[in-house]
Amino acid sequence: MNALLREIDLRRAYLGNERIETIYFGGGTPSLLSAVEIQTILMRLRATYTVAPEAEITLEANPDDISAEALQSWRSLGINRLSIGLQSFNEEELKWMNRAHNAAQSLQSVQLAQQYGFHNITIDLIYGSKFQSVQSWEQTLETTLQLGIQHISAYNLTVEERTRLGNAVLKGKEPDVNEDLSSAQFLLLSQVLRSRGFQHYEISNFALPGFEAQHNSNYWRQQTYLGLGPSAHSFNGNHRQWNVRNNPQYIRSLENGELNFEMELLSPRDLYNEYVMTRLRTSWGCDLKEIEVRFGTPILRHFETVLKDYPADFIRKDQLLILNDSARLRADGIASAFFILEETAD
């Protein structure tokens, strides 16, 4: 805690005079912070930076961490958005994921948050596991919609190397993700939520109008942001830097009045590639005029040349190019085709 407060002080100049519009308590389990700790952090942030009075302040929480007492404290401290990691309403699936909560707690946590005045709530869901058929996934979505929440983040299960699941799949003890089934669940997800008034504004994110995650949108729009704490990332428009991951090293450095981080200077090519990667995931899409203004005419020509190879994958709105639903299933692959691997686009 003292190390974090010290980092806030040491990095007071990082954003210049820019006003802070969003604050996000995430990574790990920030809901385990006491009310006094959250209050202390917010007070230090407001004393150090210019924080907008109406700033979006999000707290990540697990269902088993949510109680009437906690909700009252969070509301009184100015937390105005909750991100609740439900993941599933299936008991077997929750146990398989090693989640500490059960399906009943999933429902109760959202309902309790609403009772205590939270009207900007997002939940996380996972699809693509061995427990989900298309039919059960549709029921999960119906259960979710009955909760009356404003935002849903739904992620396809991924199998990563050197993880418990990855090792189990490698040894044949667990099935790999069925890509055809995951694709069908993704398309159903988009169809069902859109039919109920949600905007599919990023591949994994859906919001009722006016409830898009302002904080995460900063990343997707390549806006500046400051990350505080172990392994936190920051971006100032040209440089990206990330703090040391190791907690003792992080604390030790700050006790000595030093910041322990690595930094990367992003080239124009890097910034363009990231622009394409993030924007093709969103409903904002790639803006041809913006590409020319920000990155130059040669890069625009490169983009337009590659575009000819994807005649059926984009929806075009004047200068905007947005992936259609089926193409979003291949968004990363399509984006990589537009990348520039050398430092010039000529």
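Residues numbered from 1 in each chain as written. Predicted model: local features only at pLDDT ≥ 70, side-chain atom pairs only at ≥ 80, totals over all residues. Heavy atoms only, no water.

**So, the pairing of strand β2 (residues 51-61)**
Then step 1. Taking burial as the measure, the 11 residues of β2 include 8 buried ones, the bulk of the element.
Then step 2. As paired strands, strand β1 (residues 20-25) and β2 are joined by 5 bridges and run parallel to one another. Each bridged residue has a counterpart across the sheet, and for Ile23 the counterpart in β2 is Ile57.
Then step 3. Since β1 and β2 lie parallel, the crossover through helix α2 (residues 35-48) that links them has a hand, and here it is right-handed. (Buried < 20%, exposed > 50% of the residue type's maximum accessible area, 1.4 Å probe, protein only. Helix = DSSP H or I, 4+ residues; strand = E, 2+ residues; numbered from the N terminus. Pairing = 2+ DSSP bridges. Right-handed = clockwise from strand over helix to strand, strands pointing away.)

**Overview of the packing of aromatic side chains**
The geometry of an aromatic ring pair is captured by the separation of the ring centres together with the interplanar angle, meaning the angle of the planes.
Then step 1. On inspection of all chains with the given rule, the structure shows 11 aromatic pairs.
Then step 2. Seen from their ring centres, Tyr201 and Trp284 are 6.3 Å apart, and the 55° between their planes marks the pair as tilted. One end of the pair, Tyr201, is in strand β6 (residues 199-202); the other, Trp284, is in the loop between α11 (268-279) and β11 (286-287), and 83 residues separate them in sequence. Taken as a pair, Tyr201 and Trp284 share a single burial class, namely buried.
Then step 3. Look at Phe303 and Phe338: their rings are 4.5 Å apart centre to centre, the planes differ by 35°, and that puts the pair in the tilted class. (Phe/Tyr/Trp six-rings, centres within 6.5 Å; stacked < 30°, edge-to-face > 60°.)

**Some details on helix α6 (residues 134-146)**
Then step 1. Its 13 residues give α6 an end-to-end C-alpha distance of 19 Å, which sits within 8% of 18 Å, the value for a rise of 1.5 Å per residue.
Then step 2. When α6 is considered as a whole, its buried residues turn out to be Trp137, Thr140, Leu141, Thr143, Thr144 and Leu145.
Then step 3. Buried positions along α6 lie against α5 (103-115), β4 (121-127), β5 (151-156) and α8 (179-195).
Then step 4. Following α6 by one or two positions, Gly148 has its phi on the positive side, about 70°. (Expected span 1.5 Å × (residues − 1). Contact = heavy atoms within 4.5 Å.)

**Let's talk about helix α15 (residues 331-338)**
Then step 1. Among all positions of α15, only Ala331, Ile334, Ala335 and Phe338 are buried. End-on, the buried residues of α15 take up no more than an arc of 100°, which puts them together on one face.
Then step 2. The inward-facing, buried residues of α15 abut α11, α13 (297-307), β12 (314-317), β13 (320-323) and α14 (325-328). (Arc of directions from axis to C-beta.)

**Quick look at the side chain of His200**
Then step 1. Looking at the element boundaries, His200 is found in strand β6.
Then step 2. Reaching out from His200, the side chain makes a polar contact with the backbone oxygen of Glu202 at a distance of 3.3 Å.
Then step 3. There is a polar contact of 2.9 Å between the side chain of His200 and the backbone oxygen of Ile203.
Then step 4. If we ignore the near neighbours within four places in the chain, the residues touching His200 are Phe186, Ser190, Arg194, Asn205, Phe206, Ser283, Asp325 and Arg328. (Polar contact = N/O pair within 3.5 Å; in protein donor to acceptor, adjacent residues only side chain to side chain.)

**What to know about a nonpolar patch on the surface**
Then step 1. Among the surface-exposed residues, Leu259, Phe261 and Met263 lie close enough to one another that they form a single nonpolar patch of about 240 Å² accessible area.
Then step 2. Of note, Leu259 is situated in the loop between α10 (247-255) and β10 (261-265). (Patch = residues over 30% accessible without salt bridge, like charges linked within 9 Å, V, L, I, M, F, W, Y side chains within 5 Å. Areas by Shrake-Rupley, 256 points an atom, 1.4 Å probe, with all protein chains shown as cover. Salt bridge = Lys/Arg side-chain N within 4 Å of Asp/Glu carboxyl O.)

**So, the sheet that holds strand β9 (residues 239-243)**
Strand pairing within a sheet occurs via backbone hydrogen bonds; the two strands may be parallel or antiparallel.
Then step 1. Read across the sheet, 3 strands follow the order β8-β9-β10 without closing on themselves; strand pairing throughout is antiparallel. Taken across any chain shown, the strands that pair with only one partner, and hence form the sheet edges, are β8 (233-235) and β10. For this sheet, the mean inter-axis angle between neighbouring strands, taken without regard to orientation, is 15°.
Then step 2. One ladder, built from 3 bridges, connects β8 with β9; its direction is antiparallel. Among the inter-strand pairings, His233 is bridged to a residue of β9, identified as Trp242. (Axes fitted to C-alpha atoms, helices over the stretch in contact; angles between N-to-C directions.)

**Remarks on the sheet that holds β13**
Then step 1. Across the sheet, 3 strands lie side by side as β11-β13-β12; this open sheet has antiparallel pairing. A strand with exactly one partner marks an edge of an open sheet, and here the two such strands are β11 and β12.
Then step 2. Bridge count for β12 against β13 is 4 bridges, and the pairing is antiparallel. Its bridge partner lying in β13, Ile315 is registered against Ile322.

**Re the pattern of salt bridges**
Should the charged atoms of two oppositely charged side chains come close, the side chains can pair.
Then step 1. Throughout the structure, instances matching the rule amount to 15 salt bridges.
Then step 2. Here Glu54 makes a salt bridge to Arg19, at a shortest N to O gap of 3.1 Å. One end of the pair, Glu54, is in strand β2; the other, Arg19, is in the loop between α1 (2-10) and β1, with 35 residues separating them in the sequence.
Then step 3. By relative accessible area, Arg19 is classed as partly exposed at 39%.
Then step 4. Linked by salt bridges that have partners in common, Asp9, Arg12 and Arg44 make up one network.

**Describing the environment of Lys130**
Then step 1. Structurally, the position occupied by Lys130 is in the loop between β4 and α6.
Then step 2. Residue classification places Lys130 among the partly exposed positions, given a relative accessible area of 46%.
Then step 3. Here the alpha-carbon distance between Lys130 and Gly229, two residues 99 residues apart in the chain, equals 35 Å.
Then step 4. Those residues in contact with Lys130 that lie beyond four places of it in its chain are Trp96, Glu174 and Pro175.

**Re the nonpolar core**
In summary, soluble globular proteins display a tendency toward joint burial of nonpolar side chains.
Then step 1. Core analysis: the biggest nonpolar cluster contains 82 residues, and Trp74 and Phe338 have the highest contact counts within it.
Then step 2. By residue number, the principal contributor to this core is β2, which donates 6 residues.
Then step 3. Trp96, Leu157, Leu165 and Val177 belong to the second largest nonpolar core, which has 6 residues in total. (Core = buried A, V, L, I, M, F, W, Y, C linked by side-chain atoms within 4.5 Å.)

So far we have only geometry, and geometry alone does not tell us how the molecule works.
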